Amino acid sequence: MRPLSSAVTMARTGFCDTKPLLDLHKKADERRAPLRTWANASGPIDRWLPVEADESRMNLLKMEPERRWERRLSLQTSDGIIMGFHEDSRAWSPGKLIEGCVEDPVLLYPCGLQGLPSLQVLVPSLLHHEIEKALEKLDVIWDRTYAWEMFLDMMRTQTQNSLPSADLPRYFTNATRGILVDWLIQVHEIMHFQDETLYLAIHLLNRSLRLIKVTTANLQLLGMVCLFIAAKKEECLLPEVSGLCSLMDHTYTKHQFLRMERKVLSGLKFELSYSQPLHFLLIFASVAHCSAMVVWMARYLLELSLLEGQCVVFLPAQLAGAALCLARQVVQEPTTPEGEAAWCLVSSIHVGSEATLMKIMHILASAAAKAQTCATFLKFSSPETMHVSRHPGLKNASSLLGVCS
């Protein structure tokens, strides 16, 4: 794999040179193997229903106040619109408005169910069941009892520590940030960290750049410290600080590294929790019964969003929804009744407006068009990731968006 950048780029950014990094083409990532089991929807929608219908539960659902589930139905039934995006649905809780999120309830009637109240009343229980199965696949729950509550909590907490603006301090640019993030992705691959560690590290970096005073000369140190803090939260085994310093060619000492770590933790007030966009993506993909190809394509597009400074203002669920929707447009797999029914179900989850979705999709399509030299492109061009970064459909992603918009 190519180094971080040339000597010219080093001079411009202040980054030190790095040790030769491993060839991402030849690295097999066993952690991603379970995703291959997520194939297209298998079996009719009746499989989602319990063997014996719980009449008392159905009666309770029918007795729910209309305001609990009722929302204005969308007039658009295009398959390109994911998760029931509506411009006017912004209520997170009574008396509290947060754009693009819904706390309780988080459901909208999916497109295609207008005038079918017998199916509309089944949506909550069907979605509960699919969310439970998705969280079990992620190995984040041991008991399904609180699965739905956990999902609601994810939807709530994703707004915490969100960034109101994509603006960076005047002495940093999005290009400099992009170079740093690309390098961190390479280091992340070398260390064999979990995928969640990368997303948390970039989230901490985005916050730190706006909350902590740091010079351009220490920008690479800040990025490595954020990756180290994320690893402390997500990983079982940690690298030695001296080993991380060696990846930066010992430009910084161990003392400087630990001092920067204290500075970051103090600046962030030890608030390190983060609702992962990758978790939202895998949940949505599981509910929609997406194929392995679509899931890998969505994961590729979602990771490209880390390189785009414009994406820091969007919520994790919005990024996940846009990546999954664009992935389906790019892959263009043959549709099946079961697949459309599953997509209809996941479209009942409301995460934001249609305009927000389309804006993110355009950003991701543009990022994919220029990604041929970044670490993420190489990472997702391997056989383990089904070569999704080289998919010919990415060349026409922008024109696909022009059709579905």
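These numbers come from a predicted model, not from an experiment. (Residues numbered from 1 in each chain as written. Predicted model: local features only at pLDDT ≥ 70, side-chain atom pairs only at ≥ 80, totals over all residues. Heavy atoms only, no water.)

Enquirer: Where do I start with the overall build of the protein in this structure?
Expert: Summing up its helical and strand segments, the protein has 18 helices and 2 strands in all. Looking at the protein residue by residue over its 405 residues, the buried ones come to 56%. Taking all contacts inside the protein whose residues are at least 6 apart in sequence as the whole, residues at least 24 apart take part in 81%. As displayed, the protein has an accessible area near 18500 Å², and 55% of this comes from carbon and sulfur atoms. (Helix = DSSP H or I, 4+ residues; strand = E, 2+ residues; numbered from the N terminus. Buried < 20%, exposed > 50% of the residue type's maximum accessible area, 1.4 Å probe, protein only. Contact = heavy atoms within 4.5 Å. Areas by Shrake-Rupley, 256 points an atom, 1.4 Å probe, with all protein chains shown as cover.)

Enquirer: Quick question: what am I supposed to make of the nonpolar core here?
Expert: One recurring pattern in soluble globular proteins: nonpolar side chains tend to sit buried together. Residues Phe257, Phe284, Tyr300 and Leu301 are the most contacted members of the largest nonpolar core, which totals 114 residues. Counting the residues that make up this core, at least three belong to each of domain 1 (174-268) and domain 2 (277-401). (Core = buried A, V, L, I, M, F, W, Y, C linked by side-chain atoms within 4.5 Å. Domains from an automatic or database assignment.)

Enquirer: Please clarify how the packing of aromatic side chains should be interpreted in this entry.
Expert: The way to describe two aromatic rings as a pair is by their centre distance and the angle between their planes. In the structure shown here, the tally under the stated rule is 6 aromatic pairs. Judged by centre distance (5.6 Å) and plane angle (35 degrees), the ring pair of Trp148 and Phe151 falls under tilted. Remark: Phe151 and Trp148 occur in helix H6 (residues 147-157); sequence separation between them is 3 residues, near one turn of the helix. Here Trp148 matches Phe151 in class, with each residue buried. Where Tyr300 meets Phe380, the ring centres are 5.5 Å apart and the plane angle is 50 degrees; that geometry is what we call tilted. (Phe/Tyr/Trp six-rings, centres within 6.5 Å; stacked < 30°, edge-to-face > 60°.)

Enquirer: Sorry if this is basic, but what is going on with the pattern of salt bridges here?
Expert: In a structure, side chains of opposite charge can pair up when their charged atoms sit close to one another. In this structure the tally under the stated criterion is 11 salt bridges. Taking the shortest distance from any N to any O, the salt bridge between Arg207 and Glu271 comes out at 4.0 Å. Linking Arg207 in helix H8 (residues 195-211) with Glu271 in the loop between helix H11 (254-267) and helix H12 (277-287), this pair joins segments that are 64 residues apart in sequence. Here Glu308 makes a salt bridge to Lys370, at a shortest N to O gap of 3.7 Å. (Salt bridge = Lys/Arg side-chain N within 4 Å of Asp/Glu carboxyl O.)

Enquirer: Just to check I follow, could you spell out the side chain of Thr176 for this structure?
Expert: By secondary structure assignment, the location of Thr176 is in helix H7 (residues 174-190). Within the structure, the side chain of Thr176 is placed 2.9 Å from the side chain of Thr173, a separation counted as a polar contact. (Polar contact = N/O pair within 3.5 Å; in protein donor to acceptor, adjacent residues only side chain to side chain.)

Enquirer: Please clarify how unusual backbone geometry should be interpreted in this entry.
Expert: It is generally the case that most residues other than glycine have a negative phi and that most peptide bonds are trans. Unlike most non-glycine residues, Lys269 shows phi in positive territory, near 55 degrees. By the secondary structure assignment, Lys269 is in the loop between H11 and H12. Its relative accessible area of 64% is what places Lys269 among the exposed residues. In this structure, His289 takes a positive phi of about 55 degrees despite not being glycine. Locating His289 in the fold gives a position in the loop between H12 and helix H13 (292-304). On the accessibility criterion, His289 (14% relative accessible area) is buried.

Enquirer: For this particular structure, what's the right way to read H12?
Expert: Helical geometry note: an α-helix holds 3.6 residues per turn, so side chains three or four residues apart project in the same direction. Burial runs high along H12: 11 of the 11 residues are buried. Considered for burial, the residues of H12 that qualify are Pro277, Leu278, His279, Phe280, Leu281, Leu282, Ile283, Phe284, Ala285, Ser286 and Val287. Buried residues in H12 make contact with helix H5 (123-137), H6, H8, H13, helix H14 (316-331) and helix H15 (337-346). Downstream of H12 by a residue or two, His289 has a phi angle that is positive, lying close to 55 degrees.

Enquirer: Would you take a moment to explain the packing of H5 against H6 for this structure?
Expert: How two helices pack is summed up by the angle between their axes together with the distance between the axes. One can describe the packing of H5 onto H6 by two numbers: an axis separation of 9 Å at closest approach and a directional angle of 85 degrees. The orientation of H5 relative to H6 falls into the category roughly perpendicular. Residues Leu127, His128, Ile131, Glu132 and Leu135 of H5 pack against Ala147, Trp148, Met150 and Phe151 of H6. When grouped by side-chain class, the residues that make up the contact of H5 with H6 number 7 nonpolar, 1 polar and 1 charged. (Axes fitted to C-alpha atoms, helices over the stretch in contact; angles between N-to-C directions. Parallel < 35°, antiparallel > 145°, perpendicular 65-115°, else oblique. Nonpolar A, V, L, I, M, F, W, Y, C, P; charged D, E, K, R; others polar.)

Enquirer: Could you clarify how one ought to interpret H13 in this entry?
Expert: With 13 residues, H13 extends 18 Å between its outermost C-alpha atoms, agreeing within 8% with the 18 Å of an ideal straight helix rising 1.5 Å per residue. Burial runs high along H13: 13 of the 13 residues are buried. (Expected span 1.5 Å × (residues − 1).)

Enquirer: When you look at the environment of Leu127 in this model, what are you seeing that I'm missing?
Expert: Residue placement: Leu127 occurs in helix H5. Of the residues examined, Leu127 reaches a relative accessible area of 0% and is grouped as buried.

Enquirer: Would you mind going over the packing of H8 against helix H9 (residues 219-234) with me for this structure?
Expert: Orientation of H8 relative to H9, taken along the N-to-C sense of each, is 135 degrees, at an axis distance of 8 Å. As the angle between them shows, H8 and H9 are arranged oblique. The hand of the H8/H9 crossing is right-handed. Residues Glu196, Thr197, Leu200, Ala201, Leu204, Leu205, Ser208 and Leu209 of H8 form the contact with H9, whose own contacting residues are Leu219, Leu222, Gly223, Cys226, Leu227, Ile229, Ala230, Ala231, Lys233 and Glu234. Its residues assigned to classes, the contact of H8 with H9 comprises 12 nonpolar, 3 polar and 3 charged. (Left-handed = near helix turned anticlockwise from the far one by under 90°.)

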